[in-house]
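Residue-level structural notes
Spelled out, the chains give:
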Amino acid sequence: MTKKFKRVIARLDVKGPNVVKGVQMEGLRVLGQPEEFAEYYYNQNADEIIFSDIVASLYGRNNLIDVVSKTAKNIFIPLIVGGGIRTLKDIYDLLRAGADKISLNSAAIKNPKFIQEAVKEFGSSTITISVEVNFLNNKYEIFYNNGREPANIDLNEWINECQDRGAGEILLSAIHKDGTGKGYDTNLIDQVKEIVYIPLIVQGGAGSIKDIEHVSNYEIDGIVLSSALHYTKILQDDNVYREGSLEGNKEFLKSKKNFLNFEKLNIEMIKKAVSNL
Amino acid sequence: MSPKCLILDYGMGNIKSIKAACEYSDIETIVSNKKKDINSSNALILPGVGSFKKAMENLTNLDLLEVIKDQALNNKPILGICLGMQLLFEESEEFGKTIGLGLVKGRVKKFDIKKINNNKIPHVGWSSIFKNKQKWEDTILAKIEENQKMYFVHSFYVEAQDESVISSKTNYGGFNFCSSVNKENLFATQFHPEKSGREGLKIFNEFSKVIKQN
C-alpha cells in the first residue's frame, strides 16, 4: 500500500532577530537569520514553513510581522506563523503581512472561544492549534507559554474541544522529545490519532531517516522538523555564522560540534522517506 | 510596459503573497478596491481566504459586485484564487445559502465526508491536478505537467454545471473535484498557485502572457 502523502515542514523558532533552537525548549542556541533559513528550505522544496516567535507569549506580542513580510516576497510556499497571537487583529495583521496560517496555543488555552472567533473570521483552514505536550509523571500534560506553564487540561478533551470549535489543523509537539533527535513519541501520536479528524502534523524528536520512516507509517498529514534540518544546514554552510550579525549565545554555532543523535538530513531525503517516492 | 493587474482588496486573503508572485512574474500590480482603479486596470485578481458569506458581504458593502461583473463581461482577464474562484459561481452552501457573482454556472458545496472516504476536512496539502475535457495549452496551465502537485487549503469545492469549463480535476479521498476552471477570459484555481512553489509561479507567468495578449 502506498503511504498517504505527507507534508514535510521546516520549523524556525525565532527569538528577536535570530533563528534559535534548544533542547526540550530550553538552552536556546542562536543559529542564524530567519529569512535566510526560510529561503534555504524553500529552495530544498519544503512543503511549508513554520515561524514561531518563542518569546512572544512572554512579552505579549508577536514580532514576526517584518520577518513574514520579507519572507513572503521570495518564498512561494505556505507560511504558518505562531507565538503570542492574542487578538483577531494580530491574526489579520500577520495574514496581511503574508502568513497563510496562524497557529494558536496560549490564547486558545486561556480563552477557547477565541478559536471559533478566529475560525469564523478567517476560515477553519487558516487556524492551526499548536498542542505542546510533555510526558511527566507517566502521563501526558499540555503546556503553554512556550512550554513554561502547565494547562491542567486533559489531552483528549482538549483536542476534541479544538476540533469542535472549528480548528483546521493540530500541530502536536512533544516537548520531551524536542531537540533530542531520539525519535518521535509514537505513543502520543497513537493516542491523538484515535480521536483527531482534522489534519494532524507532528513534531519533536526526528534525528534519523529511520525515525522518519517509522513515523511516516502513522496516519498523520505532515511532519515538522527543526533541529534535524538546522544542524545539517549549519554543517554545510560555512557562512552561516557572521560575526556581528547575530546576537545571543553564539558559542554553539562557532564550535560546529556536538550534534548528538542527528544524522545529516535534508528535505529531499526526508520527502523520499515519508512518501515512498 | 508590463501590464497592470489589480489585486482586489476586499479584506479577504493573502494579498501580499499574490502580489509577490505577480511581481516575480513580471506583472505590475496595484492593490485597491476603488472602482476607478478597477476600470483602468488591464486585469483583475480575486484573492480569497476565508468564508464565502463574509466575502460576498464585503464585496456588497464596498459596492463592487456590478463593477466586477462588468469587467468580466468586457473581456478583462480575471484570475480567481481559492475562495476567489468559488465567488465566480452562482451560490454557496457555506453558512446556509449565499449568492455569488454568478459568472460561471454551478454551485459551491462542502466536501461530503462519505464521498471523500472519511478523509479530513479541510483538505490541506499538496495534491495532483489532472486534465478534464479542456486542453491546457490555451489556459494558464500551459506550462504545467499533468499530475503536478499544487497546494490546496479548502473545505468547499465547486460543482460546475458545464463540464467544459473545467480545466483540471483533483482527487481527494477517491472523490474527483474541480480544481481549476477557464471560461473565456475567466481563469480560476481552487489551489493556491502563489503557494505552490516554482510550479505555481509558472501559472502567474502564463497569466501575464494572457494579459499582454489581451
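Residues numbered from 1 in each chain as written. Chains lettered and ligands numbered in written order. Predicted model: local features only at pLDDT ≥ 70, side-chain atom pairs only at ≥ 80, totals over all residues. Heavy atoms only, no water.

**Description of the overall build of chain A**
Secondary structure assignment for chain A yields 12 helices and 12 strands. By the burial criterion, 61% of the 277 residues in chain A qualify as buried. Element-wise, carbon and sulfur atoms account for 45% of the exposed surface of chain A, whose accessible area totals about 11100 Å². (Helix = DSSP H or I, 4+ residues; strand = E, 2+ residues; numbered from the N terminus. Buried < 20%, exposed > 50% of the residue type's maximum accessible area, 1.4 Å probe, protein only. Areas by Shrake-Rupley, 256 points an atom, 1.4 Å probe, with all protein chains shown as cover.)

**Structural notes on the interface of chain A and chain B**
Facing 38 residues of chain A, the contacting portion of chain B comprises 28 residues. Of the roughly 2500 Å² buried where chain A meets chain B, counting both sides, 54% is carbon and sulfur surface. It is Phe76(A), Arg96(A) and Ser125(A) in chain A that bury the most area against chain B; as a group they hold 25% of the surface buried on that side. Taken together, the links from chain A to chain B amount to four salt bridges. Put simply, Lys120(B) and Asp221(A) hold a salt bridge, and the shortest N to O gap is 2.8 Å. Where chain A meets chain B, there are 13 residue pairs in polar contact (both at pLDDT 80 or more). For the side of chain A that touches chain B, the elements supplying multiple residues, two or more each, are helix H1 (34–43), helix H4 (88–97) and helix H6 (113–122) of chain A. (Contact = heavy atoms within 4.5 Å. Buried area = accessible area lost by both parts, 1.4 Å probe. Salt bridge = Lys/Arg side-chain N within 4 Å of Asp/Glu carboxyl O. Polar contact = N/O pair within 3.5 Å; in protein donor to acceptor, adjacent residues only side chain to side chain.)

**Re the environment of Ile198(A)**
By the secondary structure assignment, Ile198(A) is in the loop between helix H8 (186–193) and strand S11 (200–203). With 39 residues separating them in the primary sequence, Ile198(A) and Ile159(A) have C-alpha atoms 9.9 Å apart. Discounting residues that sit within four places of it in the chain, Ile198(A) has contacts with Gln163(A), Ala167(A), Gly168(A), Glu169(A), Ile170(A), Asp221(A), Lys120(B) and Ile121(B).

**So, the nonpolar core**
Formed by 119 residues in total, the largest nonpolar core has its most connected members in Phe51(A), Ile129(A) and Ile223(A). Sort the elements by how many residues they give to this core and helix H6 (residues 197–213) of chain B lands first, with six residues. Once residues lying within four places of it in the same chain are set aside, the contact partners of Ile129(A) are Leu104(A), Ala108(A), Ile115(A), Trp158(A), Cys162(A), Ala167(A), Glu169(A), Ile170(A) and Leu171(A). With 34 residues, the next largest nonpolar core counts Ala55(B), Ile78(B), Leu88(B) and Val165(B) among its residues. (Core = buried A, V, L, I, M, F, W, Y, C linked by side-chain atoms within 4.5 Å.)

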